[in-house]
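Listed here are the chains, written in short residue letters.
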Amino acid sequence: MEHSLVAEAEAQGFFKAKGGFRALPFIISNEILEKVAGFGLNINFITYLNMQYHLSHANAGSLLFVWGAVSNFAPIPGAVIADMYLGRFIVVAIGSIACFVGMVFLWLSAMIPGARPPPCDMRASPELCAPPEARHMAWLLAGFVFLSVGAGGVRPCSMAFGADQFSRHPKERRSRILQVYFNAYYGSIGVAFMVAVTVVVYVQDNLGWKVGLAVPTCLMLLSAASFLLGSGLYIKDRGSKRMFAGIGAAVAAAVRNRRAWLPAKTEDGVYHHLKDCKLTVPTDRLRFLNKACMISNTKEDKSGSGGADSISDRGRLCTVDQVEQLKSAIRVMPIWSSTIFLAQAMNQYFAVPQADAMDRRVGAGGFRVPSGTFAVFNMLTMSLWSGCYDRWTAPALRRLTGNPRGLTMKQRIGGGLVFGTAAMAAAAVVEAARRRQALGGGGGAGGSAMSAFWLVPQYALAGLAEAFGVIGVIEFFYTELPKSMASFSMALLYMALGAGSLVGSLIIKVVHEASGRGGRTSWLAEDLNAGRYDYYYWLLAGLGAVNFVYFLWCGWAYGEEGQNVEWEDEGEGETTIA
């Protein structure tokens, strides 16, 4: 299919104009190289913070959670700046350059001896290792700041910018081309992850951090350069300040008209709407917001000037469809809040030091698998499940559920939360067994003979949580919100992951301090055998179970999905689902 579409596009002359398929190699290579660098850094960086900066596992994990939160919140202003002011090309270019600068700071922290504390063996005698000073942390924080700025530019805009390259194709052909493009884009992320957790992590573990950080730095340089080299081939749409204007107008009108009286029945009122719009009366959901578009509370007074309760100045009003946009955004927020837990399952930071304390040898030659490489089972499970779902799983489920998708979007989100909770429980069971075996053998953390491949179940369950939950969340927001709010729907996902990272950091801090009071050994002690990381995982599993009950209530309160109204898209007059 891909070759036929390319051949068809070439025959139509689309390769001669700007955009189209010839622009994609520069965009996708930018994304692949950026992801390889980012994944390779994020997965194994807790080891760098622990061994080179002498941060405890608890402090290092908390720092990475905070960095992850900032990086996930950054796409929100990035999307707004791109869509309202600068356009996607400039924002992606700035983001790529910022990522490269951030990687340079982290690489220099490994190259310059004075940029980190004096060398010390954190495994043998952590109490003798000097903690990092303010000047040492400055290098790290500078790198993290630039990388977060880069994430704010690349994450929300890269995929959409690639889709922009087909905006001049005929509508019927464009939908087929975009399906191929999205498959290739997601496939590139999978390839990038595999390379990152194998090649990059292996280099870091075996050639040292000077080389290990130089590799992703060079990849980011190539990423930025490849994107900028294709500048002359791109279709570059300018930003439009109309983004979020509808929601803003609805909020302002609702506040201005908050004292207006609503009719007993919604259909009794008269409401401001676009010319020839199918939606002339707002829905009964969140009725108090109907004041924002109400001209009169009686049909007899259609002019809006015959009663004290009428709103005669239509300049104070917004349209019915703008009110429904605001309602749709408000209605999804409870379900959004329940998806924050997914970040806990996806960020398996403590699994890396767990793998360090386990037997990682494979084969007759005793090859040691790098501890960060086990994260490949996360992406492998997600990729396999996602690839099999449409072809085999969905048809089988369809016969059981009667749903054309196999599972509803809320069922997929709920499944993701269940698998995320199961991942935490599996991690607790494995860690308890690892600790019991290590202490039973009378050795330290490095004396455990338990195979590190026992970590595979928790990684696989985390992959299923991502395959069900994250993809379900994307589909839910994209379907239940109007298409004019597509950028907002993606921003909601990053907001959930960012909030989840902040919550994860807070949980680590509270657990570390509370469990270590009174001279007791903290659950998250530097020595895994002295600590009780299994208790920490059980706590997360318990919170996940409570969160799932909360999600069930949110899903019940939301009602049936797909029960959307139609309105005219302000500007083109086409019907939009919201």
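For the structure itself, consult the block above.
Structure report, in brief. (Residues numbered from 1 in each chain as written. Predicted model: local features only at pLDDT ≥ 70, side-chain atom pairs only at ≥ 80, totals over all residues. Heavy atoms only, no water.)

Focus: the overall build of the protein chain
- What the protein chain contains, in helices and strands, is 18 helices and six strands.
- Residue burial in the protein chain is summarised as follows: out of 578 residues, 53% are buried.
- Of the roughly 25,400 Å² of accessible surface on the protein chain, a fraction of 63% belongs to carbon and sulfur atoms. (Helix = DSSP H or I, 4+ residues; strand = E, 2+ residues; numbered from the N terminus. Buried < 20%, exposed > 50% of the residue type's maximum accessible area, 1.4 Å probe, protein only. Areas by Shrake-Rupley, 256 points an atom, 1.4 Å probe, with all protein chains shown as cover.)

Observations regarding empty space enclosed by the protein
- Going through the model one piece at a time under the given rule, you end up with two cavities of 30 Å³ or more.
- The computed volume of the largest cavity comes to approximately 80 Å³.
- If you go around the largest cavity, the residues you meet are Phe65, Gln344, Asn347, Gln348, Tyr349, Phe350, Ala351, Met424, Tyr536, Tyr537 and Leu540.
- Here the element with the most residues in the lining of the largest cavity is helix H18 (residues 533-558); it accounts for three residues.
- When its residues are assigned to classes, the lining of the largest cavity shows eight nonpolar, three polar and no charged. (1 Å grid on protein atoms, 1.4 Å probe; cavity = no way out; pocket = protein on both sides within 12 Å on 5 of 7 lines; lining within 4 Å. Points joined across faces, edges and corners; volume = space filled by probe spheres on them. Nonpolar A, V, L, I, M, F, W, Y, C, P; charged D, E, K, R; others polar.)

Looking at the nonpolar core
- Counting 99 residues, the largest nonpolar core has Phe45 and Tyr536 as the members making the most contacts within it.
- Per-element tally for this core: the top contributor is helix H16 (residues 456-480), with nine residues.
- Shared between two domains, this core takes at least three residues from each, and those domains are domain 1 (16-241) and domain 2 (318-561).
- The residues touching tyrosine 536, leaving out its near neighbours within four places in the chain, are Phe65, Phe350, Ile507, Ile508, Val511, Trp523 and Leu524.
- Among the nonpolar cores identified, the runner-up in size contains 18 residues, and Phe193, Ala355, Val369 and Met382 belong to it. (Core = buried A, V, L, I, M, F, W, Y, C linked by side-chain atoms within 4.5 Å. Domains from an automatic or database assignment. Contact = heavy atoms within 4.5 Å.)

What to know about the packing of aromatic side chains
- A full pass over the atoms with the stated rule returns 25 aromatic pairs.
- Ring plane angle 25 degrees and centroid distance 6.1 Å describe the contact between tyrosine 202 and phenylalanine 367, whose orientation is recorded as stacked. Of this pair, tyrosine 202 sits in helix H8 (residues 171-207) while phenylalanine 367 sits in strand S4 (residues 367-368), and the two are 165 residues apart along the sequence.
- On the accessibility criterion, tyrosine 202 (36% relative accessible area) is partly exposed.
- Relative accessible area serves as the criterion here: at 42%, phenylalanine 367 is assigned to the partly exposed category.
- An aromatic cluster is present here, built from Phe45, Tyr48, Tyr53, Trp67, Phe144 and Trp209 joined pairwise through their rings.
- The ring of phenylalanine 89 is capped by lysine 236, whose NZ or CZ atom sits 4.2 Å from the centre of that ring.
- The side chain of arginine 331 reaches across the aromatic face of tyrosine 558, ending 4.1 Å from its centre. (Phe/Tyr/Trp six-rings, centres within 6.5 Å; stacked < 30°, edge-to-face > 60°. Lys NZ or Arg CZ within 6 Å of the ring centre and 35° of its normal.)

Overview of a nonpolar patch on the surface
- Together, Ile81, Tyr85, Leu86, Ile90 and Ile94 give the surface a local cluster of nonpolar side chains, amounting to about 450 Å² of exposed area.
- When contributions to the nonpolar patch are tallied by element, the ones reaching two or more residues are helix H4 (75-86) and helix H5 (88-111).
- Looking at the nonpolar patch element by element, the count peaks at three residues for H4. (Patch = residues over 30% accessible without salt bridge, like charges linked within 9 Å, V, L, I, M, F, W, Y side chains within 5 Å. Salt bridge = Lys/Arg side-chain N within 4 Å of Asp/Glu carboxyl O.)

Remarks on the side chain of glutamate 431
- Inspection of the secondary structure assignment puts glutamate 431 in helix H15 (residues 409-440).
- In this structure glutamate 431 comes out as buried when scored by relative accessible area, which is 0%.
- One polar contact links glutamate 431 to arginine 434, side chain to side chain, over a distance of 3.0 Å. (Polar contact = N/O pair within 3.5 Å; in protein donor to acceptor, adjacent residues only side chain to side chain.)

What about the packing of helix H2 (residues 24-51) against helix H6 (residues 134-154)?
- The geometry of H2 relative to H6 is characterised by a closest axis approach of 13 Å and an angle of 145 degrees between their N-to-C directions. Considering the relative orientation of H2 and H6, their crossing is left-handed. Contacts from Glu31, Glu34, Leu41, Phe45, Tyr48 and Leu49 in H2 reach Leu140, Phe144, Leu147 and Val154 in H6.
- Residue composition of the contact of H2 with H6, by class: eight nonpolar, no polar and two charged. (Axes fitted to C-alpha atoms, helices over the stretch in contact; angles between N-to-C directions. Left-handed = near helix turned anticlockwise from the far one by under 90°.)

Some thoughts on the environment of cysteine 157
- As for its placement among the helices and strands, cysteine 157 is situated in the loop between H6 and helix H7 (158-164).
- Given a relative accessible area of 1%, cysteine 157 falls into the buried group.
- For cysteine 157, the residues in contact, after removing those within four places along its chain, are Gly78, Ala82, Arg88, Val91 and Val92.

Things to note about the packing of H5 against H6
- For the pair H5 and H6, interaxial distance at closest approach is 7 Å and the crossing angle is 160 degrees. When the axes of H5 and H6 are compared, the pair comes out roughly antiparallel. The chirality of how H5 crosses H6 is left-handed.
- Residue classes in the contact of H5 with H6 are distributed as 18 nonpolar, seven polar and no charged. (Parallel < 35°, antiparallel > 145°, perpendicular 65-115°, else oblique.)

Some words on the pattern of salt bridges
- In this structure the tally under the stated criterion is seven salt bridges.
- Of the charged contacts in the structure, one is a salt bridge between arginine 361 and aspartate 359, with a shortest N-O distance of 3.0 Å.
- Owing to a relative accessible area of 18%, aspartate 359 belongs among the buried residues under this scheme.
- Residues glutamate 431 and arginine 434 are paired through a salt bridge, measuring 3.0 Å at the closest nitrogen-oxygen approach. One end of the pair is glutamate 431 and the other is arginine 434, both in helix H15 and three residues apart, which spans about a single turn.
- According to the relative accessible area criterion, arginine 434 is buried, its value standing at 0%.

What to know about unusual backbone geometry
- With a phi close to 60 degrees, histidine 54 is a non-glycine residue in the positive phi region.
- Looking at the element boundaries, histidine 54 is found in the loop between H2 and helix H3 (57-73).
- The phi dihedral of leucine 286 is positive, around 50 degrees, even though this residue is not glycine.
- Inspection of the secondary structure puts leucine 286 in the loop between strand S1 (270-271) and strand S2 (294-296).
- Owing to a relative accessible area of 28%, leucine 286 belongs among the partly exposed residues under this scheme.

A closer look at H4
- Along its 12 residues, H4 runs just 14 Å from first to last C-alpha, ending more than 12% under the 16 Å computed at 1.5 Å per residue.
- Residues of H4 that are buried: Pro75, Gly78, Ala79, Ala82, Asp83 and Met84. (Expected span 1.5 Å × (residues − 1).)

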